[in-house]
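If you want the building blocks of each chain, they are given just below.
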Amino acid sequence: MITEVLTAKQLKKEAPVFGQLSFDNHEQVVFCQDKDTGLKAIIGVHNTILGPALGGTRMYDYKTEWDALNDVLRLSRGMTYKAAITGLNLGGGKAVIIGDPKKIKTPELMRRFGKFVHTLGGKYYTAEDVGMETSDMDTVREVTPYVTGISESNGGAGNPSPVTAYGVYMGMKAATKFAYGSDLLSGKRILVQGIGHVGEELVRLAVEEGANVMISDISQERLEEVSANYGVKIYRGEDLYAETADIYAPCALGATINDHTIDKLKVKVIAGAANNQLANENIHGALLQKKGIVYAPDFLINAGGIINVYAEIEGYGRDQIMAKTENIYDTTLDILNKAKATNITTNEAALSIAEDRIVARKKEV
Ligand code: NAD
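Parameters at a glance
Residues numbered from 1 in each chain as written. Predicted model: local features only at pLDDT ≥ 70, side-chain atom pairs only at ≥ 80, totals over all residues. Heavy atoms only, no water. Helix = DSSP H or I, 4+ residues; strand = E, 2+ residues; numbered from the N terminus. Rg over C-alpha atoms; globule rule 2.2 N^0.38 Å. Buried < 20%, exposed > 50% of the residue type's maximum accessible area, 1.4 Å probe, protein only. Contact = heavy atoms within 4.5 Å. Near = heavy atom within 4 Å. Polar contact = N/O pair within 3.5 Å; in protein donor to acceptor, adjacent residues only side chain to side chain. Areas by Shrake-Rupley, 256 points an atom, 1.4 Å probe, with all protein chains shown as cover. Nonpolar A, V, L, I, M, F, W, Y, C, P; charged D, E, K, R; others polar. Axes fitted to C-alpha atoms, helices over the stretch in contact; angles between N-to-C directions. Parallel < 35°, antiparallel > 145°, perpendicular 65-115°, else oblique. Left-handed = near helix turned anticlockwise from the far one by under 90°.

Colleague: Would you take a moment to explain the overall build of the chain for this structure?
Modeller: Counting secondary structure elements, the chain contains 13 helices and 12 strands. Relative to the 2.2 N^0.38 estimate, which gives 21 Å for 365 residues, the radius of gyration of the chain is 19 Å and therefore close to what a compact globule would have. On the principal axes, the C-alpha backbone points of the chain span a range of 50 × 45 × 40 Å. Of all 365 residues assigned to the chain, the portion counted as buried reaches 56%. Once local pairs closer than 6 in sequence are excluded, the contacts in the chain between residues at least 24 apart make up 66%.

So, in C-alpha coordinates, the structure goes:
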(Lines give C-alpha, C1' and ligand atoms only; values in the text may rest on other atoms or scores of the structure.)
Protein backbone atom coordinates (compact mmCIF):
# COMPACT_ATOMS: atom_id res chain seq x y z
CA MET A 1 0.00 0.00 0.00
CA ILE A 2 1.49 3.34 -1.05
CA THR A 3 1.11 6.11 1.50
CA GLU A 4 4.01 8.43 0.75
CA VAL A 5 5.03 10.54 -2.21
CA LEU A 6 7.35 8.42 -4.31
CA THR A 7 10.51 9.84 -5.74
CA ALA A 8 10.61 10.39 -9.49
CA LYS A 9 12.93 7.38 -9.77
CA GLN A 10 10.37 5.13 -8.20
CA LEU A 11 7.50 6.19 -10.44
CA LYS A 12 6.64 3.29 -12.64
CA LYS A 13 6.20 4.09 -16.30
CA GLU A 14 3.58 1.40 -16.77
CA ALA A 15 1.23 2.99 -14.20
CA PRO A 16 1.63 6.72 -14.86
CA VAL A 17 -1.48 7.81 -12.95
CA PHE A 18 -3.13 5.18 -10.76
CA GLY A 19 0.21 3.70 -9.75
CA GLN A 20 1.52 6.98 -8.38
CA LEU A 21 1.39 8.96 -5.18
CA SER A 22 -1.19 7.68 -2.72
CA PHE A 23 -3.67 6.19 -5.19
CA ASP A 24 -5.22 3.25 -3.38
CA ASN A 25 -8.15 2.00 -5.44
CA HIS A 26 -9.77 5.43 -5.39
CA GLU A 27 -13.08 5.33 -7.24
CA GLN A 28 -12.97 8.84 -8.66
CA VAL A 29 -10.76 11.92 -8.56
CA VAL A 30 -12.16 15.18 -9.88
CA PHE A 31 -10.06 18.20 -10.84
CA CYS A 32 -11.97 21.48 -10.68
CA GLN A 33 -10.80 24.80 -12.03
CA ASP A 34 -12.40 28.21 -12.47
CA LYS A 35 -10.36 31.07 -13.83
CA ASP A 36 -12.73 33.85 -12.74
CA THR A 37 -12.61 33.03 -9.03
CA GLY A 38 -9.11 31.51 -9.02
CA LEU A 39 -10.49 28.16 -7.86
CA LYS A 40 -8.26 25.12 -8.18
CA ALA A 41 -9.65 22.17 -6.32
CA ILE A 42 -9.40 18.39 -6.28
CA ILE A 43 -12.17 16.14 -4.98
CA GLY A 44 -11.14 12.61 -4.06
CA VAL A 45 -13.79 9.92 -3.76
CA HIS A 46 -12.05 6.90 -2.30
CA ASN A 47 -14.79 4.39 -1.59
CA THR A 48 -18.60 4.45 -1.52
CA ILE A 49 -19.44 0.88 -0.51
CA LEU A 50 -20.82 1.87 2.90
CA GLY A 51 -22.55 5.04 1.66
CA PRO A 52 -21.91 8.41 0.05
CA ALA A 53 -18.36 9.67 0.46
CA LEU A 54 -18.18 12.34 3.15
CA GLY A 55 -15.19 14.42 4.09
CA GLY A 56 -14.19 18.01 4.63
CA THR A 57 -12.63 20.51 2.29
CA ARG A 58 -9.12 21.62 3.17
CA MET A 59 -7.87 24.94 1.85
CA TYR A 60 -4.14 25.21 2.02
CA ASP A 61 -1.30 26.94 0.25
CA TYR A 62 0.31 23.75 -1.07
CA LYS A 63 3.87 24.06 -2.33
CA THR A 64 3.05 22.08 -5.44
CA GLU A 65 -0.03 20.60 -7.11
CA TRP A 66 1.48 17.16 -6.48
CA ASP A 67 1.37 17.86 -2.75
CA ALA A 68 -2.29 18.81 -3.04
CA LEU A 69 -3.15 15.67 -5.02
CA ASN A 70 -1.25 13.46 -2.62
CA ASP A 71 -2.98 15.07 0.34
CA VAL A 72 -6.48 14.59 -1.05
CA LEU A 73 -5.71 10.96 -1.89
CA ARG A 74 -4.41 10.23 1.60
CA LEU A 75 -7.16 12.15 3.35
CA SER A 76 -10.03 10.63 1.35
CA ARG A 77 -8.73 7.12 2.00
CA GLY A 78 -8.53 7.92 5.70
CA MET A 79 -12.17 9.00 5.66
CA THR A 80 -13.26 5.59 4.33
CA TYR A 81 -11.69 3.86 7.31
CA LYS A 82 -12.83 6.53 9.76
CA ALA A 83 -16.48 6.09 8.77
CA ALA A 84 -16.17 2.30 8.69
CA ILE A 85 -14.61 1.94 12.14
CA THR A 86 -17.08 4.38 13.65
CA GLY A 87 -19.99 2.30 12.35
CA LEU A 88 -21.35 5.02 10.06
CA ASN A 89 -22.96 4.26 6.71
CA LEU A 90 -20.64 6.56 4.84
CA GLY A 91 -17.87 6.23 2.33
CA GLY A 92 -14.63 8.17 2.21
CA GLY A 93 -14.02 11.39 0.34
CA LYS A 94 -12.24 14.65 0.77
CA ALA A 95 -11.54 17.84 -1.17
CA VAL A 96 -8.64 20.25 -1.27
CA ILE A 97 -8.64 23.79 -2.54
CA ILE A 98 -5.21 25.08 -3.50
CA GLY A 99 -4.33 28.51 -2.09
CA ASP A 100 -4.03 30.57 1.05
CA PRO A 101 -7.53 31.01 2.48
CA LYS A 102 -6.57 34.41 3.89
CA LYS A 103 -5.66 35.60 0.41
CA ILE A 104 -7.99 33.98 -2.11
CA LYS A 105 -11.06 32.68 -0.30
CA THR A 106 -14.19 34.55 -1.39
CA PRO A 107 -17.91 33.67 -1.32
CA GLU A 108 -17.78 33.46 -5.15
CA LEU A 109 -14.97 30.92 -5.02
CA MET A 110 -16.81 28.86 -2.39
CA ARG A 111 -20.03 28.91 -4.45
CA ARG A 112 -18.12 27.82 -7.56
CA PHE A 113 -16.59 25.00 -5.54
CA GLY A 114 -20.08 24.07 -4.29
CA LYS A 115 -21.30 23.82 -7.88
CA PHE A 116 -18.57 21.31 -8.64
CA VAL A 117 -19.60 19.30 -5.57
CA HIS A 118 -23.16 19.42 -6.87
CA THR A 119 -22.18 17.87 -10.20
CA LEU A 120 -21.32 14.67 -8.31
CA GLY A 121 -25.02 14.30 -7.49
CA GLY A 122 -24.61 13.28 -3.84
CA LYS A 123 -21.81 10.80 -4.34
CA TYR A 124 -19.66 13.20 -2.29
CA TYR A 125 -20.77 15.37 0.64
CA THR A 126 -18.39 18.08 1.72
CA ALA A 127 -17.77 19.63 5.16
CA GLU A 128 -15.30 21.85 6.99
CA ASP A 129 -11.59 21.13 7.33
CA VAL A 130 -8.43 23.19 7.81
CA GLY A 131 -8.81 26.66 6.30
CA MET A 132 -12.62 26.49 6.35
CA GLU A 133 -15.25 27.97 8.62
CA THR A 134 -18.88 27.03 9.26
CA SER A 135 -19.86 30.18 7.35
CA ASP A 136 -18.06 28.81 4.24
CA MET A 137 -20.25 25.70 4.41
CA ASP A 138 -23.30 27.97 4.60
CA THR A 139 -22.11 29.60 1.38
CA VAL A 140 -21.67 26.20 -0.29
CA ARG A 141 -25.19 25.29 0.90
CA GLU A 142 -26.56 28.11 -1.28
CA VAL A 143 -25.72 26.05 -4.38
CA THR A 144 -25.88 22.42 -3.26
CA PRO A 145 -27.56 20.27 -0.61
CA TYR A 146 -24.50 17.99 -0.57
CA VAL A 147 -22.77 19.79 2.26
CA THR A 148 -22.68 19.24 6.03
CA GLY A 149 -21.26 21.24 8.92
CA ILE A 150 -23.53 24.18 8.20
CA SER A 151 -24.49 26.51 11.03
CA GLU A 152 -27.21 25.63 13.51
CA SER A 153 -29.24 28.67 12.45
CA ASN A 154 -29.35 27.16 8.95
CA GLY A 155 -30.49 23.78 10.26
CA GLY A 156 -27.07 22.16 10.59
CA ALA A 157 -25.25 20.53 13.49
CA GLY A 158 -22.84 23.46 13.77
CA ASN A 159 -19.10 23.50 14.22
CA PRO A 160 -17.81 19.89 14.45
CA SER A 161 -14.49 20.81 16.09
CA PRO A 162 -15.58 20.67 19.77
CA VAL A 163 -17.05 17.22 19.14
CA THR A 164 -13.84 16.14 17.42
CA ALA A 165 -11.88 17.39 20.43
CA TYR A 166 -14.14 15.45 22.79
CA GLY A 167 -13.52 12.25 20.79
CA VAL A 168 -9.76 12.85 20.81
CA TYR A 169 -9.96 13.40 24.56
CA MET A 170 -11.82 10.07 24.93
CA GLY A 171 -9.22 8.30 22.76
CA MET A 172 -6.40 9.91 24.75
CA LYS A 173 -7.90 8.73 28.02
CA ALA A 174 -8.29 5.19 26.68
CA ALA A 175 -4.67 5.15 25.47
CA THR A 176 -3.55 6.53 28.84
CA LYS A 177 -5.42 3.74 30.60
CA PHE A 178 -3.74 1.20 28.36
CA ALA A 179 -0.27 2.68 28.94
CA TYR A 180 -0.49 3.63 32.60
CA GLY A 181 -3.31 1.51 34.05
CA SER A 182 -5.47 4.54 34.81
CA ASP A 183 -7.22 6.90 32.41
CA LEU A 184 -6.76 9.95 34.61
CA LEU A 185 -4.97 12.77 32.81
CA SER A 186 -4.42 14.63 36.06
CA GLY A 187 -0.68 15.33 36.44
CA LYS A 188 0.13 13.96 32.99
CA ARG A 189 2.44 16.13 30.90
CA ILE A 190 0.75 16.68 27.54
CA LEU A 191 2.25 18.41 24.50
CA VAL A 192 -0.47 19.81 22.24
CA GLN A 193 0.88 20.75 18.82
CA GLY A 194 -1.56 23.03 17.00
CA ILE A 195 -4.10 24.94 19.03
CA GLY A 196 -6.68 25.69 16.38
CA HIS A 197 -10.36 24.75 16.46
CA VAL A 198 -9.73 21.27 17.85
CA GLY A 199 -6.46 21.79 19.74
CA GLU A 200 -7.78 24.61 21.89
CA GLU A 201 -10.81 22.62 23.02
CA LEU A 202 -8.58 19.63 23.77
CA VAL A 203 -6.41 21.92 25.91
CA ARG A 204 -9.53 23.06 27.79
CA LEU A 205 -10.66 19.48 28.49
CA ALA A 206 -7.20 18.32 29.58
CA VAL A 207 -6.65 21.33 31.84
CA GLU A 208 -10.08 20.81 33.39
CA GLU A 209 -8.91 17.34 34.39
CA GLY A 210 -5.72 18.65 35.95
CA ALA A 211 -3.25 17.80 33.19
CA ASN A 212 0.01 19.71 32.86
CA VAL A 213 -0.38 21.01 29.29
CA MET A 214 2.23 22.62 27.08
CA ILE A 215 1.24 24.17 23.75
CA SER A 216 2.99 24.76 20.46
CA ASP A 217 1.78 26.54 17.33
CA ILE A 218 3.22 28.56 14.46
CA SER A 219 0.92 31.44 15.41
CA GLN A 220 2.34 33.52 18.25
CA GLU A 221 -0.99 35.27 18.63
CA ARG A 222 -2.84 31.98 19.17
CA LEU A 223 -0.20 30.81 21.65
CA GLU A 224 -0.57 33.89 23.78
CA GLU A 225 -4.36 33.79 23.64
CA VAL A 226 -4.69 30.11 24.59
CA SER A 227 -1.95 30.36 27.21
CA ALA A 228 -3.77 33.26 28.86
CA ASN A 229 -7.20 31.60 28.62
CA TYR A 230 -6.22 28.27 30.19
CA GLY A 231 -3.05 29.06 32.13
CA VAL A 232 -0.91 26.67 30.07
CA LYS A 233 2.77 26.96 29.23
CA ILE A 234 4.01 27.79 25.75
CA TYR A 235 6.70 25.44 24.44
CA ARG A 236 9.81 27.56 23.86
CA GLY A 237 12.35 24.83 23.19
CA GLU A 238 14.18 23.97 20.00
CA ASP A 239 12.65 20.61 19.24
CA LEU A 240 9.18 19.63 20.40
CA TYR A 241 9.65 16.02 19.29
CA ALA A 242 12.58 15.54 21.67
CA GLU A 243 10.72 16.96 24.67
CA THR A 244 10.18 14.72 27.68
CA ALA A 245 6.45 14.28 28.26
CA ASP A 246 3.79 11.63 28.77
CA ILE A 247 1.52 12.37 25.84
CA TYR A 248 2.02 13.97 22.45
CA ALA A 249 -1.15 15.29 20.81
CA PRO A 250 -0.59 16.24 17.14
CA CYS A 251 -3.41 18.66 16.31
CA ALA A 252 -1.87 20.63 13.43
CA LEU A 253 -1.13 18.90 10.14
CA GLY A 254 -0.31 15.27 9.30
CA ALA A 255 2.88 13.22 8.85
CA THR A 256 4.63 14.56 11.97
CA ILE A 257 5.62 11.01 12.90
CA ASN A 258 8.26 10.42 10.28
CA ASP A 259 11.89 9.41 9.69
CA HIS A 260 13.17 12.65 11.21
CA THR A 261 11.08 12.67 14.39
CA ILE A 262 10.47 9.07 15.39
CA ASP A 263 13.84 8.36 17.00
CA LYS A 264 13.58 11.45 19.17
CA LEU A 265 10.16 10.76 20.65
CA LYS A 266 10.22 10.20 24.41
CA VAL A 267 6.49 10.15 25.06
CA LYS A 268 4.54 7.07 26.08
CA VAL A 269 1.28 7.91 24.31
CA ILE A 270 0.42 9.60 21.01
CA ALA A 271 -3.19 10.73 20.69
CA GLY A 272 -4.19 13.72 18.61
CA ALA A 273 -6.61 15.11 16.05
CA ALA A 274 -4.43 15.52 12.96
CA ASN A 275 -5.22 13.23 10.04
CA ASN A 276 -2.53 10.88 8.71
CA GLN A 277 -0.08 11.38 11.56
CA LEU A 278 2.14 8.52 10.40
CA ALA A 279 4.12 9.63 7.33
CA ASN A 280 4.25 5.99 6.31
CA GLU A 281 1.75 3.93 8.25
CA ASN A 282 3.56 0.63 7.73
CA ILE A 283 7.07 1.78 8.62
CA HIS A 284 6.27 4.31 11.34
CA GLY A 285 3.45 2.30 12.90
CA ALA A 286 5.85 -0.61 13.38
CA LEU A 287 8.59 1.64 14.76
CA LEU A 288 6.23 3.10 17.35
CA GLN A 289 5.25 -0.41 18.38
CA LYS A 290 8.93 -1.34 18.71
CA LYS A 291 9.59 1.73 20.85
CA GLY A 292 6.66 0.79 23.11
CA ILE A 293 4.79 4.01 22.32
CA VAL A 294 1.01 3.58 22.48
CA TYR A 295 -0.41 5.13 19.34
CA ALA A 296 -4.15 5.82 19.27
CA PRO A 297 -4.96 5.67 15.52
CA ASP A 298 -5.90 9.14 14.27
CA PHE A 299 -8.78 8.09 12.05
CA LEU A 300 -10.37 6.33 15.01
CA ILE A 301 -10.10 9.00 17.69
CA ASN A 302 -10.75 12.08 15.54
CA ALA A 303 -14.11 10.75 14.30
CA GLY A 304 -16.19 13.06 16.52
CA GLY A 305 -16.43 15.60 13.71
CA ILE A 306 -17.79 13.12 11.21
CA ILE A 307 -20.24 11.79 13.82
CA ASN A 308 -21.43 15.37 14.26
CA VAL A 309 -21.92 16.09 10.56
CA TYR A 310 -23.45 12.65 9.90
CA ALA A 311 -26.24 13.74 12.26
CA GLU A 312 -27.28 16.26 9.61
CA ILE A 313 -27.81 13.47 7.08
CA GLU A 314 -29.39 10.98 9.49
CA GLY A 315 -31.29 13.54 11.56
CA TYR A 316 -30.15 12.46 15.02
CA GLY A 317 -29.64 14.89 17.90
CA ARG A 318 -27.01 16.15 20.33
CA ASP A 319 -27.40 13.32 22.88
CA GLN A 320 -26.74 10.67 20.27
CA ILE A 321 -23.83 12.62 18.84
CA MET A 322 -22.16 12.80 22.24
CA ALA A 323 -22.94 9.14 23.10
CA LYS A 324 -21.44 7.91 19.80
CA THR A 325 -18.40 10.12 20.37
CA GLU A 326 -17.94 8.88 23.92
CA ASN A 327 -17.92 5.36 22.51
CA ILE A 328 -14.51 6.18 20.97
CA TYR A 329 -13.10 5.39 24.44
CA ASP A 330 -14.27 1.76 24.33
CA THR A 331 -13.37 1.24 20.67
CA THR A 332 -9.86 2.60 21.28
CA LEU A 333 -9.29 0.29 24.25
CA ASP A 334 -10.59 -2.70 22.24
CA ILE A 335 -8.21 -1.90 19.39
CA LEU A 336 -5.19 -1.38 21.62
CA ASN A 337 -5.91 -4.71 23.32
CA LYS A 338 -6.44 -6.47 19.99
CA ALA A 339 -3.13 -5.10 18.66
CA LYS A 340 -1.29 -6.32 21.75
CA ALA A 341 -2.92 -9.75 21.68
CA THR A 342 -2.15 -10.32 18.00
CA ASN A 343 1.20 -8.51 17.97
CA ILE A 344 0.26 -6.09 15.20
CA THR A 345 0.40 -2.30 15.20
CA THR A 346 -2.56 -0.36 16.56
CA ASN A 347 -3.04 1.18 13.12
CA GLU A 348 -3.21 -2.28 11.52
CA ALA A 349 -5.67 -3.45 14.16
CA ALA A 350 -7.97 -0.48 13.49
CA LEU A 351 -7.66 -0.84 9.71
CA SER A 352 -8.48 -4.53 9.76
CA ILE A 353 -11.72 -3.95 11.70
CA ALA A 354 -12.71 -1.17 9.29
CA GLU A 355 -11.84 -3.29 6.25
CA ASP A 356 -13.86 -6.25 7.58
CA ARG A 357 -16.93 -4.04 7.74
CA ILE A 358 -16.47 -2.81 4.16
CA VAL A 359 -15.88 -6.34 2.84
CA ALA A 360 -18.97 -7.64 4.67
CA ARG A 361 -21.12 -4.88 3.13
CA LYS A 362 -19.69 -5.54 -0.32
CA LYS A 363 -20.81 -9.16 -0.03
CA GLU A 364 -24.34 -8.06 0.91
CA VAL A 365 -24.87 -5.88 -2.15
P1 NAD B 1 -7.14 24.62 12.50
O2 NAD B 1 -6.73 25.11 11.19
O3 NAD B 1 -8.22 25.31 13.24
O4 NAD B 1 -5.89 24.55 13.50
C5 NAD B 1 -4.62 24.10 13.13
C6 NAD B 1 -3.63 24.83 14.02
O7 NAD B 1 -2.34 24.27 13.79
C8 NAD B 1 -3.52 26.32 13.73
O9 NAD B 1 -3.57 27.07 14.94
C10 NAD B 1 -2.16 26.46 13.04
O11 NAD B 1 -1.54 27.71 13.28
C12 NAD B 1 -1.40 25.33 13.67
N13 NAD B 1 -0.26 24.85 12.92
C14 NAD B 1 -0.11 24.70 11.58
N15 NAD B 1 1.10 24.23 11.28
C16 NAD B 1 1.73 24.03 12.47
C17 NAD B 1 3.00 23.54 12.82
N18 NAD B 1 3.89 23.16 11.90
N19 NAD B 1 3.32 23.49 14.14
C20 NAD B 1 2.44 23.88 15.09
N21 NAD B 1 1.22 24.36 14.79
C22 NAD B 1 0.87 24.44 13.50
O23 NAD B 1 -7.51 23.06 12.30
P24 NAD B 1 -8.42 22.15 13.21
O25 NAD B 1 -9.82 22.18 12.70
O26 NAD B 1 -8.15 22.44 14.65
O27 NAD B 1 -7.85 20.70 12.86
C28 NAD B 1 -6.59 20.27 13.35
C29 NAD B 1 -6.24 18.93 12.75
O30 NAD B 1 -7.24 17.98 13.07
C31 NAD B 1 -6.15 18.91 11.21
O32 NAD B 1 -5.17 18.02 10.81
C33 NAD B 1 -7.51 18.40 10.77
O34 NAD B 1 -7.47 17.76 9.53
C35 NAD B 1 -7.78 17.41 11.89
N36 NAD B 1 -9.20 17.16 12.09
C37 NAD B 1 -10.04 18.18 12.38
C38 NAD B 1 -11.40 17.92 12.55
C39 NAD B 1 -12.36 19.02 12.92
O40 NAD B 1 -13.50 18.71 13.31
N41 NAD B 1 -11.97 20.28 12.83
C42 NAD B 1 -11.88 16.61 12.44
C43 NAD B 1 -10.98 15.57 12.16
C44 NAD B 1 -9.64 15.87 11.98
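Colleague: So what exactly am I meant to see when it comes to the side chain of asparagine 276 here?
Modeller: By secondary structure assignment, the location of asparagine 276 is in the loop between β11 (269–270) and α8 (281–291). Accessibility expressed as a relative area gives 18% for asparagine 276, which makes it buried. Excluding its chain neighbours within four sequence positions, the residues that come into contact with asparagine 276 are Arg74, Leu75, Gly254, Ala255 and Asp298.

Colleague: Would you explain the site of the ligand in this entry?
Modeller: Taken together, 21 residues sit near the ligand, with Arg58, Thr164, His197, Asp217 and Ala252 positioned nearest. At 2.7 Å, a side-chain N or O of threonine 164 approaches an oxygen atom of the ligand. Out of a free accessible area of 830 Å², the ligand has 81% covered by protein chains. Only α5 (161–180) and α6 (197–208) provide two or more residues apiece to the shell around the ligand. Of the residues contributing to the shell around the ligand, the split by class is nine nonpolar, eight polar and four charged.

Colleague: Teacher, can you tell me more about the packing of α5 against helix α12 (residues 328–342) here?
Modeller: If you want to describe how two helices pack, look at the angle between their axes and the distance between the axes. Between α5 and α12, the shortest axis-to-axis distance is 8 Å and the interhelical angle comes to 40 degrees. As summarised for this structure, α5 and α12 are arranged oblique, according to the angle between their axes. At the point where α5 passes α12, the crossing takes the right-handed sense. Residues Gly167, Met170, Gly171, Lys173, Ala174, Ala175, Lys177 and Phe178 of α5 touch α12, and the partners they reach there are Ile328, Tyr329, Thr332, Leu333, Leu336, Asn337 and Lys340. The class makeup of the residues in the contact of α5 with α12 is eight nonpolar, four polar and three charged.

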